[in-house]
Each structure stands twice: as C-alpha cells, then as structure tokens.
Amino acid sequence: MTYSNIPNTVKSVVIVGGGSAGWMAAAALSKVLGTQNCDITLIESDQIGTVSVGEATIPQIQLFNRILEVDEKEFLEFTQATFKLGIEFVDWRKKDHSYMHPFGAYGTNIEALPFHHYWLKMQQEGGGQDLSKYSLAAVAAYQNKFMHPQPQQNSPLARINYAYHFDATLYAKFLSNYSIKKGVKRIVGKVVDVGLKAENGFIKEVFLEDKQCISGDLFIDCSGFKGLLIEQALKTGFDDWSHFLPCNRAVAVPCDPTQDLKPYTQSIAQDVGWRWRIPLQHRVGNGYVYASDFISDAEAKEVLLKGLESEPIADINILRWTTGMRKKSWNKNCIAIGLSAGFVEPLESTGLHLIQSAIAKLMTLFPTKQFHQCDIDMFNQQTEKEYQRIRDFIVLHYKVTERDDSPFWDYCRNMSIPSTLQQKIEMYQETGRIFRQDDELFNETSWLAVMQGQGIQPKSYHPLVDRLPVSEIERRLRNIESVIQNSADIMPGHHEYIKKHCML
Ligand SMILES: Cc1cc2nc3c(=O)[nH]c(=O)nc-3n(C[C@H](O)[C@H](O)[C@H](O)COP(=O)(O)OP(=O)(O)OC[C@H]3O[C@@H](n4cnc5c(N)ncnc54)[C@H](O)[C@@H]3O)c2cc1C
C-alpha cells in the first residue's frame, strides 16, 4: 500500500488564496507531499488583489527556500532581492536616537557567561563601547557591507546571519511558477459560497462565481484578512490585540533609490506609528504604519509622501487590519495560514515567517481524514504561544520609550501590557538576565538589542562577572571589538557583492 491508495489519507487539498501565504503553502505541499499522492488545487481571484507588501524577512526564510531546494541566485534575480542584516530603529527611544536590531550575536560568551553581562559591568564602570560595536551584523550594516558566511574562517565571518528584502509580488509569482511545475492546479475564480457537511460542520466544497464547485478533504484558508473559510464560513472568532498594538493601517508606495544599497531595513518612528524603508535592487519599498484613532488616512498619506527620497513610482496602496489572531488557526478540516490566521503588525517582519512556521507545523501534524482532535489542539496551542511571544516583543518597542511628544506615544507609554512581557522587562531591569521561553522566535540577542536600544538600563549584571578583574574584561571587550572591525573590513560593499555574485 502506498499513500495514494491507503483509504484514510488526505487525497485533496484546496488552498483558497494566491498571495504569499497561498503560494508558500502550495510550494511546500507540492514539494513535501507531492501532487502524485494528493491533488493540490489553489484558487485565486483576479478581482481581489493581494496585500503585495511583506518585503522584509528574517533569517529563517533561508530554511524555507532550502526545503524547496530553490537556487538562491535564481531567487535573488527573480525577486529583485537584496540582503538584510537587521533593522535600524530611528527615533523610537527618543528623537535623534537610533539603534540596530542585528541578526547574529553580540560578542561571544566569556567564561561561560553571556557577553552582555560583561558589557553591562563595563557600562557601569564608565567603559565599553556602544553595544552595536560588538555585533558584526550591526557594524557591517552601518558600513553597507555584505558577504555570505565563510564557514572556513575562524572568525565572526563564519557565522554571518542574514535574511532578504524582496518584491513580495515577485516572490509569490516565483513560488507560483515553482508549484505549477510540480503539478499544483491553479484555478482563477472568486469563491462566493462555502458548503459545509451537515453531520459535522466540516467544509465539503467551495463554489465559484462561475458555478464551479471544488471539493476537498483539507482546506487551507489563505484568503487574507477576511478569513473567508475560517471566519466567514466556520465562525471561529478572533482575539483582538488593538489595546497593545494600536496601529491598524498602513499606506505603502515604492520610489526610486537615491542612496547606497543598505543591507538593512529602516523603521523610523513618527508622531503616530512609524515608516519603513526597504531597499530592493530595482526600487525602494516605503510604508507608513499608523493608528487611525490618532491620525486620518489623508494625513497619513502626506506623512508618507513627505518622507520619500524621490517621486513615487506607483499609486499609494492602503491597508487596514485589526491586530490579533484567530481563536483557532485550525478548525475542523480548515487551517488558516497567513493574514487569515492573524496579524501582529509588520514592525519586526514576522508575517512571512508565521506562514512558514504554520506550514512546518502542518507538515508535522499532517492529518488523515480522521482529523484527530489532539493534533488540532497541539497545532492551535503552539500557534497561540508563537503569536503571543511575537506580540510581546513588538509591544516592547512601543511601551519602553522616552517619547512624550504626541498623544500616540503618551498612550503607548501608559498602556497596560501582557504579564509575560512585564515579567521579561522586570527581570532585565533588575538583573540583566534574558530568557528565551517556549521556543519563542526572538532569541536573547533580539531581546537585548531592543530592550537596551529602547533605553532599559539594568540595575545589575550576573554576579559571576566579578570573578574577572575590570582590566581583564576591558581587554577582552577591546579584543572582540577589534576582531569584529577587522572582519567587517574584509567584507565587500553590499551593492558590489550583489552585482558580482547574485545576478545570473
Ligand atoms: C502593511 C503591511 C506590511 C507588511 N510587511 C511585511 C514584511 O515586511 N515582512 C513580512 O514578512 N510580512 C509583512 N507583512 C505581512 C505579509 O504581507 C503577509 O503575511 C503576506 O503577504 C501574506 O498575505 P496573505 O497571502 O495571507 O493574504 P493576501 O495577500 O491578502 O492574499 C489573499 C488572496 O486571497 C484571494 N482571495 C480573497 N478572497 C477570495 C475569494 N473570494 N475568492 C478567491 N480568492 C480570494 C486573493 O485574490 C489573494 O490572492 C505585512 C503586512 C502588512 C499589512
């Protein structure tokens, strides 16, 4: 017996939606499950657009592309991608202040203790450099440099950690070509109705405007914010997090580049919300994320246009959402992936990662037609924890700020926050300790970068740091700083590197 003739196995998967989520799901399923074992159909509407943003990623996207066995050069060329070493946060802590959230560690453990405890001690002693000087990603980013990791080197160059900026529409197209080659059936049509089974409320079929009826065993809802299947048909419910994250709209527009190709995203805080700048090979993606309680759409467009470095090269795209997540991402035989599952605003570029992570969980817990409730519960528990931890990390940026120059920042400084975040902040404030919990996405480096960048000054550091004399700590920190600077000196310019190594 093989998969395709075992009676209980899922034989047809229907994906509704052809944005990044739909095509990422189709590509991964066609690679791992295979269309010879199971029919995979993707339905997308040419009347309803995709959000077409989602241009900045985090390093985990490399793993997704590796699973698909995508050729990196081909991918970079097709999607007009550039490399990303981190995010620069400008004016977040206060005006005229900036810091980098880099990918990759600060320094290295010393005597089995995390580097930052020694750095904290030196800060208290009035020594040590800015934290970013101990991160190769940050130093290289500020110098507009990039190269792939050099595993043969016994230096930080061996561990360069990177992600991409790319054109989200082109990425979906790239994955669409990939999936169709692997046998995914694409249907262009608008879903107008959903048929449920009378006996258990599972989805039986979807009906298209042209009267086609598409039935399936497993349905993946990638229909975007509205959640056509998970919410409109199955009434799953939504946890609204607007209290913690009041930004609920964005206006976005590309323009031509006028600056060197930066290997990092910029997030520039505004009186209400923040603007992004994402450099691609052929254009710069710009957006302004704001809270409609504090600024009108017309004013937001003005802020966006005023911040552009050159004339816009397309119409302004406006996006509206409620921050939060579905009460269950997997309900009956329907799994919501992408914006239909929830959205925690784009500040830390987590949207595509959450899609990738949902696909990975689906593979691990891939059902039979019995749809065991224990699998569904596990998927939902893991998804909930993951979204909540990401939410906490993003709330940190808004809550811990010295900005008091607008009603928006007054609201953020004074809002109540989740107890899980409160606990993390208090621990860092008191002891300088940071713990990664429940396999959360953001590691100690990320929390350190943002807690320190936003201005939390711990009262103490790990007591065992005092085993080393100050002069020795100072020597080691100087050494780390110079190793990092020497490594960055070897790296070529980002633009030059892309031209030389990443174009076919
Ligand atoms: C302002 C903003 C900035 C973002 N920035 C980033 C970022 O920098 N990095 C990142 O990782 N993520 C980012 N994201 C998130 C990222 O854009 C999304 O996670 C990603 O695009 C996935 O979207 P989607 O495919 O779920 O939905 P959509 O792109 O909305 O696609 C929905 C699809 O469903 C189809 N559809 C809808 N209704 C029907 C119907 N009735 N019949 C048939 N088809 C239908 C549509 O045609 C479309 O193909 C951002 C999101 C926003 C809003």
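Only a predicted model underlies this, so the values are computations on that prediction, with no experimental measurement involved. (Residues numbered from 1 in each chain as written. Predicted model: local features only at pLDDT ≥ 70, side-chain atom pairs only at ≥ 80, totals over all residues. Heavy atoms only, no water.)

## Here we look at the nonpolar core
Inside soluble globular proteins, nonpolar side chains tend to come together where they are buried.
Consideration 1: Residues Ile15, Leu396 and Tyr398 are the most contacted members of the largest nonpolar core, which totals 168 residues.
Consideration 2: Among the elements that take part in this core, helix α10 (residues 373-399) stands out by supplying nine residues, more than any other.
Consideration 3: Split by domain, this core shows at least three residues from each of two domains, domain 1 (3-81 + 166-240 + 326-389) and domain 2 (106-164 + 396-495).
Consideration 4: Once you skip the residues sitting within four places of it in the chain, Ile15 turns out to touch Gly22, Ala25, Ala26, Leu29, Ile40, Thr41, Leu42, Ile43, Ile220 and Cys222. (Core = buried A, V, L, I, M, F, W, Y, C linked by side-chain atoms within 4.5 Å. Buried < 20%, exposed > 50% of the residue type's maximum accessible area, 1.4 Å probe, protein only. Helix = DSSP H or I, 4+ residues; strand = E, 2+ residues; numbered from the N terminus. Domains from an automatic or database assignment. Contact = heavy atoms within 4.5 Å.)

## Details of the layout of surface pockets
To locate leftover empty space, one rolls a probe as large as a water molecule over the atoms.
Consideration 1: What the second largest pocket holds in volume is close to 420 Å³.
Consideration 2: Taken together, 20 residues form the lining of the second largest pocket, with Ala105, Gly107, Pro156, Arg159 and Ile484 sitting closest to its centre.
Consideration 3: At the level of elements, α5 (136-142) and α14 (470-490) are the ones that each hand at least two residues to the lining of the second largest pocket.
Consideration 4: Considering each element in turn, the lining of the second largest pocket owes the most residues, four residues, to α14.
Consideration 5: Residues of the lining of the second largest pocket, tallied by class, amount to 14 nonpolar, five polar and one charged. (1 Å grid on protein atoms, 1.4 Å probe; cavity = no way out; pocket = protein on both sides within 12 Å on 5 of 7 lines; lining within 4 Å. Points joined across faces, edges and corners; volume = space filled by probe spheres on them. Nonpolar A, V, L, I, M, F, W, Y, C, P; charged D, E, K, R; others polar.)

## Focus on the sheet that holds strand β17 (residues 317-320)
Consideration 1: Strand order in the open sheet made by the seven strands is β5-β4-β14-β15-β16-β13-β17, with mixed pairing throughout. At either margin of the open sheet sits one strand with a lone partner, and together these are β5 (98-102) and β17. Each neighbouring strand pair of the sheet contributes to a mean axis angle of 20°, computed without reference to strand direction.
Consideration 2: Alignment of strand β13 (residues 249-255) against β17, held across four bridges, turns out to be antiparallel. (Pairing = 2+ DSSP bridges. Axes fitted to C-alpha atoms, helices over the stretch in contact; angles between N-to-C directions.)

## A short note on the packing of aromatic side chains
Consideration 1: All chains considered together, the criterion is met by 32 aromatic pairs.
Consideration 2: When the centroid spacing of 5.4 Å and the interplanar angle of 75° are considered together, the rings of Phe83 and Tyr162 count as edge-to-face. Residue Phe83 is located in strand β3 (residues 82-84), and its partner Tyr162 is located in the loop between α5 and β6 (163-165); the two are separated by 79 residues in the primary sequence. Taken as a pair, Phe83 and Tyr162 share a single burial class, namely buried.
Consideration 3: Connected via pairs of aromatic rings, a cluster forms that spans Phe75, Phe78, Phe83, Phe146, Tyr162, Tyr164, Phe166, Tyr171, Phe174 and Tyr497.
Consideration 4: Sitting over the face of the ring of Tyr178, Lys182 holds its NZ or CZ atom 5.1 Å from the ring centroid.
Consideration 5: Just above the ring of Trp241 sits the side chain of Arg391; from NZ or CZ to the centre is 4.7 Å. (Phe/Tyr/Trp six-rings, centres within 6.5 Å; stacked < 30°, edge-to-face > 60°. Lys NZ or Arg CZ within 6 Å of the ring centre and 35° of its normal.)

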